[in-house]
Amino acid sequence: MSASATPGRVLVAGIGNIFLSDDGFGVETLRSLSAGELPDHVEAVDFGVRGVHLAYQVLDGYHTLILVDAAARGGPPGTVYLIEPEAGPVESAADEPLLDGHRMGPDAVLALLGTLAAGTGTEPPARILVVGCEPESLDEGIGLSPAVAAAVGEAAALVRRLLHGDVPTPDTPRGDVAVAETEAERKAASC
(Lines give C-alpha, C1' and ligand atoms only; values in the text may rest on other atoms or scores of the structure.)
Protein backbone atom coordinates (compact mmCIF):
# COMPACT_ATOMS: atom_id res chain seq x y z
CA MET A 1 0.00 0.00 0.00
CA SER A 2 1.40 3.40 -0.96
CA ALA A 3 0.96 6.42 1.27
CA SER A 4 0.91 9.76 -0.46
CA ALA A 5 1.30 13.19 1.06
CA THR A 6 -1.92 14.67 2.36
CA PRO A 7 -2.27 18.22 1.01
CA GLY A 8 -1.34 20.75 3.68
CA ARG A 9 -0.34 18.24 6.36
CA VAL A 10 2.82 19.48 8.17
CA LEU A 11 5.24 17.81 10.58
CA VAL A 12 7.43 20.10 12.68
CA ALA A 13 10.25 18.01 14.15
CA GLY A 14 12.48 19.20 16.96
CA ILE A 15 15.75 17.28 16.87
CA GLY A 16 18.93 17.36 18.91
CA ASN A 17 20.64 16.09 22.03
CA ILE A 18 19.81 18.06 25.19
CA PHE A 19 22.98 16.68 26.83
CA LEU A 20 25.22 18.48 24.32
CA SER A 21 24.54 22.13 25.18
CA ASP A 22 23.30 24.02 22.11
CA ASP A 23 22.45 20.79 20.27
CA GLY A 24 19.26 20.93 22.34
CA PHE A 25 18.10 23.98 20.34
CA GLY A 26 15.54 22.04 18.28
CA VAL A 27 14.02 20.43 21.36
CA GLU A 28 13.77 23.77 23.21
CA THR A 29 12.30 25.54 20.17
CA LEU A 30 9.69 22.83 19.78
CA ARG A 31 8.80 23.18 23.47
CA SER A 32 8.32 26.93 22.97
CA LEU A 33 6.31 26.40 19.79
CA SER A 34 4.07 23.78 21.41
CA ALA A 35 3.22 26.10 24.31
CA GLY A 36 0.84 27.91 21.94
CA GLU A 37 -1.97 26.61 19.79
CA LEU A 38 -1.05 25.14 16.40
CA PRO A 39 -3.26 24.76 13.33
CA ASP A 40 -5.12 21.42 13.04
CA HIS A 41 -3.06 20.30 10.03
CA VAL A 42 0.22 20.64 11.99
CA GLU A 43 1.83 18.01 14.17
CA ALA A 44 4.77 19.12 16.33
CA VAL A 45 6.93 16.32 17.75
CA ASP A 46 10.09 16.32 19.89
CA PHE A 47 12.23 13.60 18.31
CA GLY A 48 15.40 14.39 20.25
CA VAL A 49 18.01 11.93 18.98
CA ARG A 50 15.50 9.45 17.52
CA GLY A 51 16.37 10.12 13.87
CA VAL A 52 15.30 6.69 12.64
CA HIS A 53 11.87 7.16 14.25
CA LEU A 54 11.60 10.56 12.57
CA ALA A 55 12.44 9.12 9.15
CA TYR A 56 9.73 6.46 9.48
CA GLN A 57 7.12 8.93 10.76
CA VAL A 58 7.78 11.32 7.86
CA LEU A 59 6.62 8.57 5.50
CA ASP A 60 3.15 8.80 7.05
CA GLY A 61 1.92 11.21 4.38
CA TYR A 62 3.11 14.71 5.26
CA HIS A 63 3.14 17.41 2.60
CA THR A 64 5.75 19.52 4.42
CA LEU A 65 8.49 18.68 6.91
CA ILE A 66 10.08 21.41 9.03
CA LEU A 67 13.18 20.22 10.88
CA VAL A 68 14.34 22.40 13.80
CA ASP A 69 17.95 21.81 14.84
CA ALA A 70 21.31 23.36 15.64
CA ALA A 71 23.06 24.18 12.35
CA ALA A 72 26.75 25.11 12.31
CA ARG A 73 27.14 27.26 9.20
CA GLY A 74 29.81 29.73 10.29
CA GLY A 75 27.67 32.66 11.49
CA PRO A 76 27.65 34.26 14.93
CA PRO A 77 26.19 32.06 17.69
CA GLY A 78 22.42 32.51 17.88
CA THR A 79 21.97 33.26 14.15
CA VAL A 80 18.72 31.68 12.95
CA TYR A 81 18.74 30.15 9.47
CA LEU A 82 16.02 29.00 7.10
CA ILE A 83 17.43 26.36 4.79
CA GLU A 84 15.64 24.58 1.97
CA PRO A 85 17.76 21.54 1.06
CA GLU A 86 17.89 20.58 -2.60
CA ALA A 87 15.74 17.64 -3.58
CA GLY A 88 17.43 14.32 -4.22
CA PRO A 89 19.48 11.84 -2.26
CA VAL A 90 21.80 13.06 0.47
CA GLU A 91 25.04 11.15 0.82
CA SER A 92 26.87 10.65 4.09
CA ALA A 93 30.65 10.83 4.29
CA ALA A 94 32.40 7.57 3.42
CA ASP A 95 33.71 7.15 6.97
CA GLU A 96 30.31 7.77 8.63
CA PRO A 97 27.65 5.04 8.84
CA LEU A 98 24.21 6.07 7.62
CA LEU A 99 22.51 4.63 10.71
CA ASP A 100 24.12 5.99 13.86
CA GLY A 101 21.55 6.34 16.63
CA HIS A 102 23.67 8.93 18.43
CA ARG A 103 24.44 11.20 15.45
CA MET A 104 21.44 11.41 13.15
CA GLY A 105 21.42 15.02 12.02
CA PRO A 106 19.20 16.39 9.24
CA ASP A 107 21.52 15.14 6.47
CA ALA A 108 21.41 11.56 7.78
CA VAL A 109 17.64 11.69 8.33
CA LEU A 110 17.08 12.96 4.78
CA ALA A 111 19.39 10.28 3.36
CA LEU A 112 17.56 7.57 5.30
CA LEU A 113 14.20 9.05 4.27
CA GLY A 114 15.05 8.67 0.58
CA THR A 115 16.13 5.07 1.11
CA LEU A 116 13.01 4.19 3.12
CA ALA A 117 10.66 5.87 0.65
CA ALA A 118 12.19 3.95 -2.25
CA GLY A 119 12.02 0.68 -0.32
CA THR A 120 8.44 1.08 0.86
CA GLY A 121 6.85 2.68 -2.20
CA THR A 122 5.89 5.80 -0.24
CA GLU A 123 6.65 9.41 -1.04
CA PRO A 124 8.73 11.84 0.99
CA PRO A 125 7.25 15.27 1.75
CA ALA A 126 6.90 17.62 -1.20
CA ARG A 127 8.75 20.33 0.74
CA ILE A 128 11.43 20.10 3.41
CA LEU A 129 12.68 23.10 5.38
CA VAL A 130 15.27 23.36 8.14
CA VAL A 131 15.05 26.08 10.77
CA GLY A 132 18.50 26.04 12.29
CA CYS A 133 20.51 28.04 14.77
CA GLU A 134 24.26 28.63 14.87
CA PRO A 135 25.51 26.93 18.05
CA GLU A 136 28.09 28.39 20.40
CA SER A 137 28.95 25.08 22.06
CA LEU A 138 28.19 21.43 21.39
CA ASP A 139 30.20 20.26 24.40
CA GLU A 140 28.68 17.99 27.03
CA GLY A 141 26.37 19.92 29.30
CA ILE A 142 22.71 20.63 29.83
CA GLY A 143 21.32 24.02 28.85
CA LEU A 144 21.68 26.37 25.92
CA SER A 145 24.26 29.14 25.72
CA PRO A 146 22.78 32.64 26.22
CA ALA A 147 22.96 33.51 22.49
CA VAL A 148 21.20 30.30 21.44
CA ALA A 149 18.64 30.50 24.25
CA ALA A 150 17.77 34.02 23.04
CA ALA A 151 17.19 32.64 19.52
CA VAL A 152 14.57 30.08 20.60
CA GLY A 153 11.68 32.57 20.51
CA GLU A 154 12.87 33.94 17.16
CA ALA A 155 12.97 30.43 15.67
CA ALA A 156 9.53 29.54 17.06
CA ALA A 157 8.16 32.77 15.51
CA LEU A 158 9.76 31.83 12.18
CA VAL A 159 8.12 28.39 12.25
CA ARG A 160 4.76 30.04 12.98
CA ARG A 161 5.28 32.36 10.01
CA LEU A 162 6.05 29.36 7.81
CA LEU A 163 2.89 27.59 9.01
CA HIS A 164 0.84 30.62 7.99
CA GLY A 165 2.42 30.85 4.53
CA ASP A 166 4.73 33.80 5.24
CA VAL A 167 7.92 32.38 3.76
CA PRO A 168 11.08 34.52 3.65
CA THR A 169 12.94 34.46 0.35
CA PRO A 170 16.70 34.07 -0.23
CA ASP A 171 16.97 37.87 -0.51
CA THR A 172 15.54 38.41 2.99
CA PRO A 173 17.72 41.04 4.71
CA ARG A 174 20.10 39.54 7.24
CA GLY A 175 18.65 41.76 9.96
CA ASP A 176 15.22 40.19 9.49
CA VAL A 177 13.91 37.03 11.15
CA ALA A 178 16.14 34.60 9.27
CA VAL A 179 18.72 34.02 6.62
CA ALA A 180 17.06 32.01 3.87
CA GLU A 181 19.11 30.17 1.29
CA THR A 182 19.23 26.94 -0.63
CA GLU A 183 22.12 24.51 -0.32
CA ALA A 184 23.24 25.43 -3.84
CA GLU A 185 23.43 29.12 -2.89
CA ARG A 186 25.38 28.30 0.26
CA LYS A 187 27.88 26.18 -1.70
CA ALA A 188 28.26 28.87 -4.36
CA ALA A 189 28.88 31.52 -1.67
CA SER A 190 31.59 29.41 -0.02
CA CYS A 191 33.60 29.01 -3.27
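Relevant structure appears above.
The structure contained in this document is the topic of the report that follows. (Residues numbered from 1 in each chain as written. Predicted model: local features only at pLDDT ≥ 70, side-chain atom pairs only at ≥ 80, totals over all residues. Heavy atoms only, no water.)

Here we take up the overall build of the protein. A tally of helices and strands in the protein yields five helices and six strands. Counting helices and strands in the order they occur from the N terminus, the protein gives β-α-β-α-β-β-α-β-α-β-α. Per-residue burial over the protein gives 44% buried out of 191 residues. Relative to all contacts within the protein whose residues are 6 or more apart in sequence, the contacts with residues 24 or more apart total 78%. For the protein, the accessible surface area stands at approximately 9,700 Å², while carbon and sulfur atoms represent 54% of it. (Helix = DSSP H or I, 4+ residues; strand = E, 2+ residues; numbered from the N terminus. Buried < 20%, exposed > 50% of the residue type's maximum accessible area, 1.4 Å probe, protein only. Contact = heavy atoms within 4.5 Å. Areas by Shrake-Rupley, 256 points an atom, 1.4 Å probe, with all protein chains shown as cover.)

The subject of this paragraph is the pattern of salt bridges. In total, this model carries three salt bridges according to the counting rule given. As a salt-bridge pair, Asp-60 and Arg-9 come within 3.5 Å of each other at their nearest N and O atoms. Separated by 51 residues along the polypeptide, Asp-60 in the loop between helix H2 (51-58) and strand E3 (64-70) and Arg-9 in the segment before strand E1 (10-15) bring together distant segments of the chain. Residue Glu-84 is joined to Arg-127 by a salt bridge in which the shortest nitrogen-to-oxygen separation is 3.0 Å. Taken together, the residues span a long stretch of sequence, with Glu-84 in strand E4 (residues 80-84) and Arg-127 in strand E5 (residues 127-133) at a distance of 43 residues. We classify Glu-84 as partly exposed; its relative accessible area is 29%. (Salt bridge = Lys/Arg side-chain N within 4 Å of Asp/Glu carboxyl O.)

This brings us to helix H4 (residues 146-163). Residues spaced three or four apart along an α-helix point in a common direction, a consequence of the helix completing one turn every 3.6 residues. The terminal C-alpha atoms of H4 lie 27 Å apart, and with 18 residues this matches the ideal 26 Å at 1.5 Å per residue to within 8%. Listed in full, the buried residues belonging to H4 are Val-148, Ala-151, Val-152, Ala-155, Ala-156, Leu-158, Val-159, Leu-162 and Leu-163. Those residues of H4 that are buried lie in contact with E1, helix H1 (25-34), strand E2 (42-48), E3, E4 and E5. Remark: Gly-165 follows H4 within two positions and exhibits a positive phi of approximately 85°. (Expected span 1.5 Å × (residues − 1).)

Taken together, the side chains of Ile-18, Phe-19 and Ile-142 make up a nonpolar region of the molecular surface, amounting to roughly 330 Å² of accessible area. Structurally, the position occupied by Phe-19 is in the loop between E1 and H1. (Patch = residues over 30% accessible without salt bridge, like charges linked within 9 Å, V, L, I, M, F, W, Y side chains within 5 Å.)

Moving on, we get to unusual backbone geometry. At Ser-21, a residue that is not glycine, the phi angle is positive and equals roughly 45°. In this fold, Ser-21 is placed in the loop between E1 and H1. Classification of Ser-21 as buried rests on a relative accessible area of 10%.

Any functional reading would require information beyond the geometric quantities listed.
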